[in-house]
Amino acid sequence: MKIVIINYGAGNIKSIQFAFKRLGFEALLTNNPEEIKAADKVIFPGVGEASSAMQKLKESGLNRLIPQLKQPVLGICLGMQLMCKSTEEGNTKGLGIFDVDVKRFSNTVKVPQMGWNTINNLQSDLFKGVKDDEFMYLVHSYYAEQCKDAIATTTYDVAYASALQKDNFYGVQFHPEKSSLAGEQILRNFINL
């Protein structure tokens with residue numbers, strides 16, 4: 001099983017790499033297009049600000065490669081948001097894999113949402129063995145609106161899509177690598193897709 005974590009300078013990639021190691025898998029950190037295309041599974045992480053992360057993808061040509069991948073791809077946090085049509089953060093055009101816009105939480109709640117919150121309405125093999133109302137760890141100021149690609153929902157200020165799926169592309173707003181046993185189960189399920 002060849003697992004690749006896309007290393008484009010905008011991700012907390014070591015914690016994801018360690019999470020796979022705990023599951024007994026070595027994950028390669030790379031931005032090499034040939035290694036990414038040859039992988040069985042691809043992780044697209046992201047931490048930081050959307051417009052600068054998208055700029056890094058464009059500089060490396062990964063913005064064209066990622067939407068063409070045929071194997072299972074999992075976007076995490078900002079990675080998922082960049083897979084969407086657009087984000088209000090930096091007024092950034094996304095990769096357009098998911099037909100949904102990313103909005104900023106209103107000022108009626110503490111922004112960013114930081115800490116544990118529940119996921120519900122789980123609708124994918126990605127969540128096999130994970131129950132509704134399971135707690136996941138989140139740190140974000142922007143969210144994907146509810147849409148047809150939503151496979152999990154979280155409520156904070158509004159009900160939003162905390163996980164998305166379209167074809168071989170999956171995205172999670174939460175950090176499975178920091179979400180205890182349920183998060184590990186989601187990573188294991190992704191490996192088994």
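These remarks concern the structure in this document. Remember, predicted model here, so these are calculated numbers, not experimental data. (Residues numbered from 1 in each chain as written. Predicted model: local features only at pLDDT ≥ 70, side-chain atom pairs only at ≥ 80, totals over all residues. Heavy atoms only, no water.)

1. Comments concerning the pairing of strand β3 (residues 41–44)
Alternating positions in β3 separate into two faces, Lys41 and Ile43 on one and Val42 and Phe44 on the other, with burial throughout. Relative to β3, strand β1 (residues 3–6) is paired through three bridges, and the arrangement is parallel. Looking at the pairing, Ile3 lines up with Lys41 of β3. By the bridge criterion, three bridges tie β3 to strand β4 (residues 73–76) in an arrangement that is parallel. Paired with Val42 across the bridge in β4 is Val73. (Buried < 20%, exposed > 50% of the residue type's maximum accessible area, 1.4 Å probe, protein only. Helix = DSSP H or I, 4+ residues; strand = E, 2+ residues; numbered from the N terminus. Pairing = 2+ DSSP bridges.)

2. Some points on the pattern of salt bridges
Side chains that differ in charge, positive against negative, can pair when their charged atoms come close. By the definition in use, this model includes seven salt bridges. As a salt-bridge pair, Arg22 and Glu184 come within 3.3 Å of each other at their nearest N and O atoms. Within this pair, whereas Arg22 is found in helix α1 (residues 13–22), its partner Glu184 is found in helix α6 (residues 180–192), the two being separated by 162 residues in sequence. Residue class for Glu184 comes out buried when judged on its relative accessible area of 18%. (Salt bridge = Lys/Arg side-chain N within 4 Å of Asp/Glu carboxyl O.)

3. What about the packing of aromatic side chains?
On inspection of all chains with the given rule, the structure shows seven aromatic pairs. Plain terms: the ring middles of Trp116 and Tyr137 are 5.6 Å apart, the flat faces sit at 70° to each other, and that makes the pair edge-to-face. Of this pair, Trp116 sits in strand β8 (residues 113–119) while Tyr137 sits in strand β9 (residues 134–140), placing them 21 residues apart in sequence. Residue classification places Trp116 among the partly exposed positions, given a relative accessible area of 47%. Centre to centre, the rings of Tyr170 and Phe190 are 6.3 Å apart; their planes meet at 80°, and the pair counts as edge-to-face. (Phe/Tyr/Trp six-rings, centres within 6.5 Å; stacked < 30°, edge-to-face > 60°.)

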